[in-house]
Amino acid sequence: MAKPFIYLACGSAAMSAMLCKSRLEEALRQRGIKDYDLRICRVAELYENVRRLKPDVAIVTAGSFAEKDIECPVFSGVPLMMGVGVDAFMDKIVAALKEKGKVP
Amino acid sequence: MQQTIDIKILNVRSEDQTEILEEMGNYLYDNGYVKETFTNAVIEREKKYPTGLEIPTAVNVALPHADIEHVNKQALVIAAPKRTVKFKRMDAPDKDVDVGIILMPVINDPEGYVRFLSKLTLLIQKKEFVELVKGKKCSEIAASISEQYSK
């Protein structure tokens, strides 16, 4: 099984993406997902990165993304940022990864 | 090694979002924390990627910030304007949120700041945070954050 490939995007790849990264790593570990590819970029680069590298899901903490026609499921990273509702958020991420056949 | 992060609670006179961001940015520039380009970078970034957050358990906040190249030394500046200020929502940029506390993270080392920020996001969801800000209790806020570090 290929490993899950997740993109995290925020405005400047400085604040919220870093914050989300540490909480996401912890949440993935709790779900028993140990082997994955997690990359960070700026929101401005996301469309191109998704088109080119085809991640399974993208998590975004800045800007409006719904209308941008990004070619993978996109989720708001605010639950990760605030540490609230992380379980419900992870349910959605895991379901999306399952759909892509990346987690059992 | 963890850089120390200075915390300052600022009295702001303005009631307008941009003017408040200018007041906060000017304080940071006057005290050497940021470069001259910082304030404008924050204002422009806020327009493009707003940072207003609904905090159902306490007071709504905004976390305006700028890219690391505008920063000399890390800090956190907090302001509680007399009246709430409208910001756009981080997770829904077309929607407004009435913000009571503005937290401006001043970051040049995201890896080093992340633990601090992670504790801060939990603290701002507690009612006592509002009282700490109103009482200008910087050292208690710092203590509360560093106390959580060790846990």
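Residues numbered from 1 in each chain as written. Chains lettered and ligands numbered in written order. Predicted model: local features only at pLDDT ≥ 70, side-chain atom pairs only at ≥ 80, totals over all residues.

A. How the structure looks around the overall build of chain B. Looking only at helices and strands, chain B features 5 helices and 7 strands. Listing the helices and strands of chain B from first to last along the sequence gives β-α-α-β-β-β-β-β-β-α-α-α. Compactness check: chain B gives a C-alpha radius of gyration of 14 Å against a globular reference of 15 Å for 151 residues, within 12% of the reference. Taken over the C-alpha atoms alone, chain B extends approximately 40 × 35 × 30 Å along its principal axes. Excluding contacts between residues fewer than 6 apart, the proportion of contacts in chain B whose partners are at least 24 apart in sequence is 70%. (Helix = DSSP H or I, 4+ residues; strand = E, 2+ residues; numbered from the N terminus. Rg over C-alpha atoms; globule rule 2.2 N^0.38 Å. Contact = placed C-beta atoms within 7 Å.)

B. Main features of the interface of chain A and chain B. In this assembly, 18 residues from chain A lie in contact with 21 residues from chain B. For the side of chain A that touches chain B, the secondary-structure elements that each account for two or more residues are helix H1 (16–30) and helix H3 (78–82) of chain A. For the side of chain A that touches chain B, the residue count by class is 10 nonpolar, 8 polar and no charged. (Nonpolar A, V, L, I, M, F, W, Y, C, P; charged D, E, K, R; others polar.)

C. The arrangement of the sheet that holds strand S1 (residues 5–10) of chain A in detail. All names here are of chain A. The strand order S2-S1-S3-S4 describes an open sheet built from 4 strands, whose pairing is parallel. Two strands in the sheet have a free side with no partner beyond their single neighbour: strand S2 (37–42) and strand S4 (74–76). Shown here is a sheet whose adjacent strand axes are inclined to one another by a mean of 25°, direction ignored. In terms of strand pairing, S1 meets S2 through 6 bridges, oriented parallel. Across the sheet, the residue bridging to Ile6 is Leu38, located in S2. Most of the contacts of H1 go to S1, to which it runs at about 145°, and overall it touches S1, S2 and strand S3 (57–60). (Pairing = 2+ DSSP bridges. Axes fitted to C-alpha atoms, helices over the stretch in contact; angles between N-to-C directions.)

D. Structural context of helix H2 (residues 38–48) of chain B. Residues and elements named next belong to chain B. Within the span of H2, buried status applies to Phe38, Thr39, Val42, Arg45 and Glu46. Axial view of H2: buried residues confined to an arc of 135°, hence all on one face. Away from its buried face, by an angle of more than 90 degrees, H2 presents the exposed residues Glu44, Lys47 and Lys48. Summarising the contacts, the buried residues of H2 are in contact with helix H1 (17–30). (Buried ≥ 20, exposed ≤ 12 C-beta atoms within 10 Å, placed from the backbone. Arc of directions from axis to C-beta.)

E. Region of interest: the packing of H1 of chain B against H2 of chain B. Residue and element names in this part refer to chain B. Their axes nearest at 8 Å, the elements H1 and H2 cross at an angle of 150°. The angle between H1 and H2 falls in the class roughly antiparallel. Once H1 is placed against H2, the crossing between them reads as right-handed. Contacts between H1 and H2 involve Thr18, Leu21, Glu22, Gly25, Asn26, Leu28 and Tyr29 from the former and Phe38, Thr39, Val42, Ile43 and Glu46 from the latter. For the contact of H1 with H2, the per-class residue count stands at 6 nonpolar, 4 polar and 2 charged. (Parallel < 35°, antiparallel > 145°, perpendicular 65-115°, else oblique. Left-handed = near helix turned anticlockwise from the far one by under 90°.)

F. Region of interest: the pairing of strand S4 (residues 75–79) of chain B. All names here are of chain B. Within S4, 5 of the 5 residues are buried, which leaves the element mostly enclosed by the surrounding structure. Covered by surrounding structure in S4 are Ala75, Val77 and Ala79 together with Leu76 and Ile78, the residues of both alternating faces. Summarising the sheet, strand S1 (residues 6–10) and S4 pair through 5 bridges and their orientation is parallel. In the sheet register, Ile9 faces S4, and the bridge partner there is Ile78. Here S4 runs beside strand S7 (residues 101–106); their pairing, made up of 5 bridges, is antiparallel. Each bridged residue has a counterpart across the sheet, and for Val77 the counterpart in S7 is Met104.

G. Quick look at helix H4 (residues 86–99) of chain A. Residue and element names in this part refer to chain A. With 14 residues, H4 ought to run about 20 Å at 1.5 Å a step, and its terminal C-alpha atoms sit 20 Å apart, in line with that. Of the residues making up H4, those classed as buried are Phe89, Ile93, Ala96 and Leu97. Considered in projection along H4, the buried side chains sweep an arc of 100° and stay on one side of the axis. Among the exposed residues of H4, those oriented more than 90 degrees off its buried face are Asp87, Ala88, Asp91, Ala95 and Glu99. (Expected span 1.5 Å × (residues − 1).)

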